[in-house]
Amino acid sequence: MSIGNGEISKNGSVMIECEDVHKAFEGHQVLEGVSCQIPSGKISVVMGPSGTGKSVLLRHIVGLLSPDRGDVLVAGKSVPSLNEDELLELRRNIGMLFQDGALFSSMNLFDNVAFPLRQHTKKQESEIREIVMERLQEVGLAGSEKKMPNELSGGMRKRAGFARALVLEPEILLFDEPDSGLDPVRTALLCELIKEIQQKYGSTGVVISHDIKSCFNIGDHIILLHGGKVVDQGSKEQLQSSNKPFTQQFIKGAVEGPLGME
Ligand SMILES: Nc1ncnc2c1ncn2[C@@H]1O[C@H](COP(=O)(O)OP(=O)(O)OP(=O)(O)O)[C@@H](O)[C@H]1O
Ligand SMILES: [Mg+2]
């Protein structure tokens, strides 16, 4: 992956690093010193109560938000200090699924998924069609390619956003609650697909999720966010044996009533 003029060198085995990230909106402090490391070539899962700043944190990684204090490094480069060209280059290497799917409302499903390919590659339309149809098939949307976003259910929009995030086979994948609004079977399939893609391309994945089962299923590294800070992070086993009360409560609570977490 390259950003700007230089080939980007992975910072050891860490792909993304948040250092003491602070962010407030109109006096409302959301992130109060978030520090975490996202290992390269693995899937990290970010969990935490609703409204805790998970989506805000993800937006810092793609440079859609800048920290008031602290730094966010992707492959060793400080995202807040990238210029416009470098930001574009960074985003070309990041596939992002927004919480609401974030489809272009004026384009049908096919064009939405084809968009990054048309914008960032010189591929022929025939090849684009092949890739788009394959991705739509994978997320269970074959046959819906002519539909407009407002004709789709929330779950379908989510899956379309997922297909779009994957078309460029990016090195970094950021998924904001890929499993919300989906039935359990689709959730399981989607988790499998995330894992499959990650293994196939060795990409670095960051998944925000409320579903403790899917988290533990796909997450190599788990980060727990609460009160504007990272309260715990580690492997599944490390978190399960953690003696931090919040970690235990969160893991237990989520297992007992995953719906209650939203
Ligand atoms: N652009 C913005 N302007 C003002 N406030 C914002 C903005 N973005 C987020 N917030 C606030 O930041 C807080 C955290 O929001 P965020 O969307 O990151 O929560 P979350 O952890 O993703 O929650 P959920 O699990 O419900 O998606 C909320 O109080 C939200 O209102
Ligand atoms: Mg969110």
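Calculation notes
- Residues numbered from 1 in each chain as written.
- Chains lettered and ligands numbered in written order.
- Predicted model: local features only at pLDDT ≥ 70, side-chain atom pairs only at ≥ 80, totals over all residues.
- Heavy atoms only, no water.
- Helix = DSSP H or I, 4+ residues; strand = E, 2+ residues; numbered from the N terminus.
- Buried < 20%, exposed > 50% of the residue type's maximum accessible area, 1.4 Å probe, protein only.
- 1 Å grid on protein atoms, 1.4 Å probe; cavity = no way out; pocket = protein on both sides within 12 Å on 5 of 7 lines; lining within 4 Å.
- Points joined across faces, edges and corners; volume = space filled by probe spheres on them.
- Nonpolar A, V, L, I, M, F, W, Y, C, P; charged D, E, K, R; others polar.
- Domains from an automatic or database assignment.
- Near = heavy atom within 4 Å.
- Polar contact = N/O pair within 3.5 Å; in protein donor to acceptor, adjacent residues only side chain to side chain.
- Pairing = 2+ DSSP bridges.
- Contact = heavy atoms within 4.5 Å.
- Salt bridge = Lys/Arg side-chain N within 4 Å of Asp/Glu carboxyl O.

Asks: Describe in detail unusual backbone geometry, supporting the description with residues and values.
Replies: We note that Asp 20 has phi near 50°; this positive angle belongs to a residue other than glycine. Structurally, the position occupied by Asp 20 is in strand E3 (residues 14-25). The partly exposed category is assigned to Asp 20, whose relative accessible area is 34%. A positive phi is found at Glu 169, a non-glycine position, where the angle reads about 45°. Position of Glu 169 relative to the elements: it lies in the loop between helix H5 (154-166) and strand E9 (172-176).

Asks: Now, about the layout of surface pockets: what can you tell me, with residues and values included?
Replies: Volume-wise, the largest pocket comes out at about 530 Å³. What lines the largest pocket is a set of 20 residues, and nearest its centre among them are Arg 91, Ile 94, Met 96, Phe 98 and His 120. For the lining of the largest pocket, the residue count by class is 14 nonpolar, 3 polar and 3 charged. Formed jointly, the lining of the largest pocket draws a minimum of three residues from each of two domains, domain 1 (14-93 + 170-261) and domain 2 (105-168).

Asks: Run through the site of ligand 1, naming residues and quoting values.
Replies: Neighbouring ligand 1 are 14 residues; Ser 50, Gly 51, Lys 54, Ser 55 and Gln 99 lie closest to it. Take Gly 53: an N or O atom from its main chain is 3.0 Å from an oxygen atom of ligand 1. Mapped onto the shell around ligand 1, the elements with two or more residues apiece are strand E4 (28-39) and helix H1 (54-61). The dominant element in the shell around ligand 1, judged by the number of residues it contributes, is H1, at 3 residues. A breakdown of the residues in the shell around ligand 1 according to their chemical character gives 4 nonpolar, 8 polar and 2 charged.

Asks: So what about the sheet that holds strand E6 (residues 69-74)? Which residues, and what values?
Replies: Across a sheet, strands are paired by hydrogen bonds formed along the backbone, either parallel or antiparallel in direction. Judged by pairing direction, the sheet is antiparallel, and its 4 strands sit side by side in the order E4-E3-E6-E7 without closing on themselves. The open sheet has two edge strands, E4 and strand E7 (77-78), and neither has a second partner. Note: E3 against E4, 9 bridges, orientation antiparallel. Counted as the bridge partner of Glu 17 is Gln 37 from E4.

Asks: Give a description of the environment of Asp 176 that names residues and reports values.
Replies: By secondary structure assignment, the location of Asp 176 is in strand E9. Sequence separation between Asp 176 and Ile 208 is 32 residues, and the spatial gap between their C-alpha atoms is 4.9 Å. Sequence-distant contacts of Asp 176, that is, excluding residues within four places in its chain, are made with Ser 55, Leu 58, Leu 97, Phe 98, Gln 99, Lys 158 and Ile 208. Within the structure, Asp 176 has its side chain in polar contact with the side chain of Ser 55 (distance 2.6 Å).

Asks: Go over the domain arrangement of the protein, please, and point to the residues and values.
Replies: Domains assigned within the protein are domain 1 (14-93 + 170-261) and domain 2 (105-168). If you average the C-alpha positions of domain 1 and of domain 2, the two centres end up 25 Å apart. Contact residues are listed per partner, giving 16 residues for domain 1 and 12 residues for domain 2. Viewed at the interface, domain 2 and domain 1 are joined by 0 salt bridges. Going through the elements one at a time, E9 and helix H6 (184-201) are the ones with two or more residues in the side of domain 1 that touches domain 2.

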